[in-house]
Every structure is written in structure tokens, then in C-alpha cells.
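# Observations on the model geometry
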Amino acid sequence: MTATAGPPSTDVASAVSAAAALLATARDVTLVAHVQPDADSLGSALALGVVLARRGARVRVSFAAPAHPPESLRPLDALGLLVAPDAVPAEPELLVMCDTAAPERLGSLLDRLTTARCSVLIDHHASNPGFGDVRILDPSAEATVVLVHRLLAEMGAPIDGVVATCLYAGLVTDTVGFRTAGPAAHRMAAELLEAGVDVEAVLRPINGDHPFTWLDDLGGVLQAATLDAAAAGGRGFVSAVVPAALMQRYRVEEVDGVVDQLRTTSEADVAAVLKQVGPRRWSVSMRSRTVDVATAAVALGGGGHPRAAGVTLDGDPDDVLARLRAALSRQG
Ligand code: AMP
Ligand code: MN
Ligand code: MN
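Conventions we followed
- The residue count restarts for each chain, going from 1 along the sequence in the order it is written.
- As they are written, the chains are lettered A onward and the ligands numbered 1 onward, keeping that order.
- Owing to the predicted nature of the model, reporting of local features is limited to residues with pLDDT of at least 70; listing and counting of side-chain atom pairs is limited to 80 or more, with chain, interface and lining totals taken over all residues.
- Water and hydrogen atoms were dropped before computing side-chain values, which therefore reflect all heavy atoms in the structure.
- Helix and strand definitions follow DSSP, with helices as H or I runs of at least four residues and strands as E runs of at least two, each counted in order from the N terminus.
- Note on classification: 1.4 Å probe, protein chains only; a residue is buried when its accessible area is under 20% of the maximum for its type, exposed when over 50%, partly exposed between these limits.
- By the convention used here, residues are in contact when the closest approach between their heavy atoms is within 4.5 Å.
- Note on areas: Shrake-Rupley with a 1.4 Å probe; residue coverage comes only from the protein chains shown.
- Counted as positive: Lys and Arg. Counted as negative: Asp and Glu. His and the chain ends are not counted at all.
- In plain terms, the charge of a residue is placed at NZ if it is Lys, CZ if Arg, CG if Asp and CD if Glu.
- Any N, O or S atom lying within 2.8 Å of the metal counts as a donor, and for Na, K and Ca the limit rises to 3.2 Å; water is left out, so some sites can look incomplete.
- UniProt positions are given in the numbering used here, feature names are shortened, and annotations may be inferred rather than shown by experiment.
- Throughout, near means a residue has at least one heavy atom within 4 Å of the molecule or strand.
- Here a polar contact is recorded for every N or O atom pair within 3.5 Å, except that within protein the pair must consist of a potential hydrogen donor and a potential acceptor, and residues adjacent in sequence are included only if both atoms are side-chain atoms.
- Gly is put with the polar residues, along with every residue not named as nonpolar or charged; the nonpolar set is Ala, Val, Leu, Ile, Met, Phe, Trp, Tyr, Cys and Pro, and the charged set is Asp, Glu, Lys and Arg.
- Working definition: a ring pair exists when centres of Phe, Tyr or Trp rings (six-membered ring for Trp) sit within 6.5 Å. Plane angles under 30 degrees give stacked, over 60 give edge-to-face, the rest tilted.
- Each domain span listed reflects an automatic or database assignment of domains.
- Two parts placed together each lose some accessible area; with a 1.4 Å probe, that loss summed over both constitutes the buried area.
- Pairing between two strands requires that DSSP report at least two bridges joining them.
- With axes taken as lines fitted to C-alpha atoms, and helix axes fitted only over the stretch in contact, angles between N-to-C directions fall between 0 and 180 degrees.
- By nonpolar core is meant a set of buried Ala, Val, Leu, Ile, Met, Phe, Trp, Tyr and Cys residues that side-chain atoms within 4.5 Å join together.
- Within this document, salt bridges are pairs made up of a side-chain nitrogen of Lys or Arg and a carboxyl oxygen of Asp or Glu, the two lying within 4 Å of each other.

Turning to the overall build of the chain, a few remarks are in order. From N to C terminus, the chain includes 13 helices and eleven strands. The principal-axis extents of the C-alpha atoms in the chain amount to approximately 55 × 40 × 40 Å. Looking at the chain residue by residue over its 332 residues, the buried ones come to 51%. Sequence separation of at least 24 residues holds for 65% of the intrachain contacts in the chain that already meet a minimum separation of 6. Carbon and sulfur atoms make up 53% of the accessible area of the chain, which totals about 14200 Å². With 27 positive and 38 negative side-chain charges, the chain shows a separation of 2 Å between the mean positions of the two kinds.

As C-alpha cells, then:
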């Protein structure tokens, strides 16, 4: 890490101005999203990347895994800024980490946090311990793109249709279709639409376009779901399992929609989907109405937000569910 960035900024406003000053003179910028990137992480990195590239900086955007971004997010890379992780310099001049709740979310690019000459964190996870030289870390922001939007305003960067589309994709998905968005985020959305976002073109590929066979397989997954009304302190817990065979057969666009179906269960405050990512390994997605699932996820080694969190756990599904129930029983 470098001395040029000074000590980590303690408040969001000063971090935003410190980051804007760094980016104003940066000649070479590496922007990284978290592993298994979503629209908020990729949209943040690409929006900022597009602005910097247009200003003449050498820009690359990357993430450690998987090898390719979700199909539905590929159109966000209008300028072709995405590169494979092995094309990321061993010692980046300026590293910008977007929507990364913890250093480990950088995956195999984790070492760049120490080798980078200077690093900027832009994130909104309450569970984030804080890392990097300049830290734009604001858990009150509904999405990381909200913070990128603020940074772009500080930089005096105009927002065109390409940048607006990247920002909108992150905003609409992280707020679950604006359910968790406050007035400022709705104003931001209006500004993005005025800049030229085609809402249906952004959203349909992300969560509204599945192969016919998925209807049958989704039906099987939901049919096997279990409800434990006594769990989560008596507020109810519904869970479902997506086995490896379906993980291989379908895209993330199908699989990640399961939890959105499950969370509509009236009798359950908490919904969890166990996605099989190894013989005995499960990537767990949790959603809640009132229970703090972020604290439960952090207790198990994961992270996230109070109403949407995740963790990766090893064991049989029954073991994993027992650990989730135990962690949830301790949350208010
Ligand atoms: P997901 O269920 O994958 O949509 O994730 C919900 C939220 O939890 C997102 O904000 C993720 O960034 C976060 N999250 C998911 N898995 C993990 C993990 N293993 N460690 C930290 N945060 C996670
Ligand atoms: Mn994310
Ligand atoms: Mn996010």
C-alpha cells in the first residue's frame, strides 16, 4: 500500500473526495468485482471503468471466478473492459474494489490488495470490516452503485446511457426491484432513466428469461422445500436445495431466482437456498423479513446485509440446515 492515499478515511464524504482526487489523475486503473459477480459489483466496476477509460486512463475490470460473467450481465460491458484475472497486473497502480464485503470476496485476486500501489474500497455491506487505503464504506447505501453515482458526481463526470445502464442494473437488483430503495435511490433511478436506460432490456435477461425445462425443475426444487415454523426464534424458516446436477444444467439466472420464490412463504420469516457447489459444499443464500440474517451469516463465516446474506458451508444438507437454524435462533 502507498502513502499517497493517506490514512483510511473515516467518513463517507471525505472518502468520496479522496477517491475522486485519486481517480482524477490516475493513468492506470484496475477495477475488481467480487467472486460470483452480481449486477451491483460488475455494474459498479464497469460504470466507473467506462468513465475513466473515456477520460484516457488505461482501465481493466476483472473478478476472480467463475471464468465468465453471468450471461445477463455481459451487455453491461459495452466497451470491452473485462479481462481474465490472470491479465490483472501483479502490482496494480490503482486497485478499486467494488461491492466486496470482505477481502476474501476478491478470491484469487486477494493478493492484489497488498501488492497494489494504492487501493480504494467502494462497498455498502454492514459486515464489511473495512480494508484498502481509501474506504467509501456506507451501509446506509442501498447498493454500491449508489456510492459510485455519488463518486461520479464528485468527479464531475457526465452520465450517459452506457454508464446509466450499469448503475441501474445494480440499483434495481440490490433493492429487489426498489422495495428497499429510499427516496434518493428513486431520484437516482429517475436520473438514470432520463440518461437513456431501457429498463426491460436490462431486467428481462437478469430475472425474466428462463428455458422451458426450468419450470419443471424449479417445480421439483420447490416441491421438496421444507418449512420449520419453530425455527428462527419461532418466526419460521423455509429452505430448499438445488443439487449439483441442476447447478450444472442451469445458469445463475435460474438458480439465483429460487430464493425469490421461497421468500414469498407466508409462514417463514427466513428463507434459505442451499446451492450445491461441491460434493459436500453448499453456497447458501438467505433472505428475511425481520430476522438479521447478516449476523447469522457472519457467525458462520459469511456476510451480507440484514435482509439478504450468504455463506458457504461444508457438510450434508441436514448438517448445514442445523447450523443455519442454530445461528438464526440467536438473532433478533
Ligand atoms: P446472494 O444470496 O448470493 O444474493 O447474496 C446475498 C448477499 O450476501 C450479497 O450481498 C452477497 O454479497 C452476500 N454474500 C453472499 N455470500 C457471501 C459470502 N460467502 N461471504 C460474504 N458475503 C456473502
Ligand atoms: Mn454483490
Ligand atoms: Mn451490493
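Read on, since the account is not over.
For the manganese ion (ligand 3), the protein coordination sphere consists of Asp40 (OD), Asp99 (OD), His124 (NE2) and Asp174 (OD), at 2.1 to 2.3 Å. As a motif over one chain, the donors of the manganese ion (ligand 3) read D-x58-D-x24-H-x49-D. If you look at the manganese ion (ligand 3) and the manganese ion (ligand 2), they sit 3.9 Å from each other and are both ligated by aspartate 99. Placement of the pair is aspartate 99 in the loop between strand E3 (95-98) and helix H3 (112-115) and histidine 124 in the loop between strand E4 (119-123) and strand E5 (134-137), with a sequence separation of 25 residues. A residue is classified by how much of its surface remains accessible, and aspartate 99, at 2% relative accessible area, is buried. The class for histidine 124 is buried, based on a relative accessible area of 2%.

Turning our eyes to something else, we now look at the UniProt feature "domain: DHHA1" (unreviewed entry) in the chain. UniProt marks residues 248-328 with the feature "domain: DHHA1" (unreviewed entry), using the numbering shown here. For residues 248-328, the helix share is 37%, the strand share is 33%, and the end-to-end C-alpha distance is 29 Å.

On to the site of ligand 1, then. The environment of ligand 1 is made up of Arg105, His125, Ser285, Arg287, Gly302, Gly303, Gly304, His305, Ala308, Ala309, Gly310 and Val311. Within the side chain of arginine 287, a nitrogen or oxygen atom sits 2.8 Å from an oxygen atom of ligand 1. Here glycine 310 contributes a backbone N or O atom positioned 3.3 Å from an oxygen atom of ligand 1. When the free accessible area of ligand 1 is taken as 480 Å², the share hidden by the protein chains comes to 78%. For the shell around ligand 1, the leading source of residues is strand E11 (residues 308-314), giving four residues. Classifying every residue of the shell around ligand 1 gives three nonpolar, seven polar and two charged.

Another aspect to go through is the packing of aromatic side chains. Aromatic rings in a pair are described by how distant their centres are and how their planes are angled relative to each other. Summed over the entire model, instances satisfying the criterion amount to two aromatic pairs. Ring plane angle 50 degrees and centroid distance 5.8 Å describe the contact between tyrosine 168 and phenylalanine 178, whose orientation is recorded as tilted. With a gap of ten residues between them, tyrosine 168 in helix H5 (residues 161-174) and phenylalanine 178 in the loop between H5 and helix H6 (183-194) connect regions that are remote in the sequence. With respect to class, tyrosine 168 is no different from phenylalanine 178; both count as buried. Taking the centre distance of 4.8 Å and the plane angle of 65 degrees together, the rings of tryptophan 214 and tyrosine 250 count as edge-to-face. Of this pair, tryptophan 214 sits in helix H8 (residues 212-223) while tyrosine 250 sits in the loop between helix H9 (244-249) and helix H10 (252-255), placing them 36 residues apart in sequence.

In many reports, interface size means the accessible area that the parts give up when they come together. When cut into domains, the chain gives domain 1 (12-206) and domain 2 (212-329). The C-alpha-based centres of domain 1 and domain 2 are spaced at 27 Å. At the junction of the two partners, domain 1 supplies eleven residues and domain 2 supplies eight residues. With both sides pooled, the region where domain 1 packs onto domain 2 buries about 710 Å², and carbon together with sulfur makes up 51% of that total. The largest per-residue losses of area from domain 1 upon contact with domain 2 belong to Glu71, His125 and Ser127, which jointly make up 41% of the total buried on that side.

What follows concerns the sheet that holds E11. On the basis of which strands lie adjacent, the open sheet formed by six strands has the order E6-E7-E8-E9-E11-E10 and mixed pairing. Two strands in the sheet have a free side with no partner beyond their single neighbour: strand E6 (226-228) and strand E10 (303-305). Put simply, the sheet's adjacent strands are angled 20 degrees from each other on average, direction ignored. Here three bridges tie E6 to strand E7 (residues 237-242), and the two strands are oriented antiparallel to one another. If you follow aspartate 228 over to E7, its bridge partner there is phenylalanine 237.

Time to look at the nonpolar core. By size, the foremost hydrophobic cluster in this structure holds 63 residues, and its most contacted members are Leu48, Val96 and Leu151. Top element by residues in this core is helix H2 (residues 39-54). It accounts for nine residues. In this view, leucine 48 contacts Leu23, Leu31, Val96, Ile122, Val148, Leu151, Leu152 and Met155; residues no more than four positions away in its chain are not counted.

To continue, consider the coordination of the manganese ion (ligand 2). Protein coordination at the manganese ion (ligand 2) comes from His34 (NE2), Asp38 (OD) and Asp99 (OD), with a distance range of 2.1 to 2.3 Å. Look at where the donors of the manganese ion (ligand 2) fall in the sequence and you get H-x3-D-x60-D.

This part covers the pattern of salt bridges. Any two side chains of opposite charge can pair, given that their charged atoms come close. Summed over the entire model, instances satisfying the criterion amount to twelve salt bridges. Here lysine 275 and aspartate 256 are joined by a salt bridge, their closest N and O atoms 3.1 Å apart. Here lysine 275 is found in strand E8 (residues 270-278), whereas its partner aspartate 256 is found in the loop between H10 and helix H11 (258-262), with 19 residues between them in sequence. According to the relative accessible area criterion, aspartate 256 is partly exposed, its value standing at 36%. For aspartate 314, the salt bridge identified is with arginine 281, shortest N-O distance 2.8 Å. Linking aspartate 314 in strand E11 with arginine 281 in strand E9 (residues 281-288), this pair joins segments that are 33 residues apart in sequence. Within this structure, Glu71, Arg251, Glu253 and Glu254 form a network of salt bridges that share partners.

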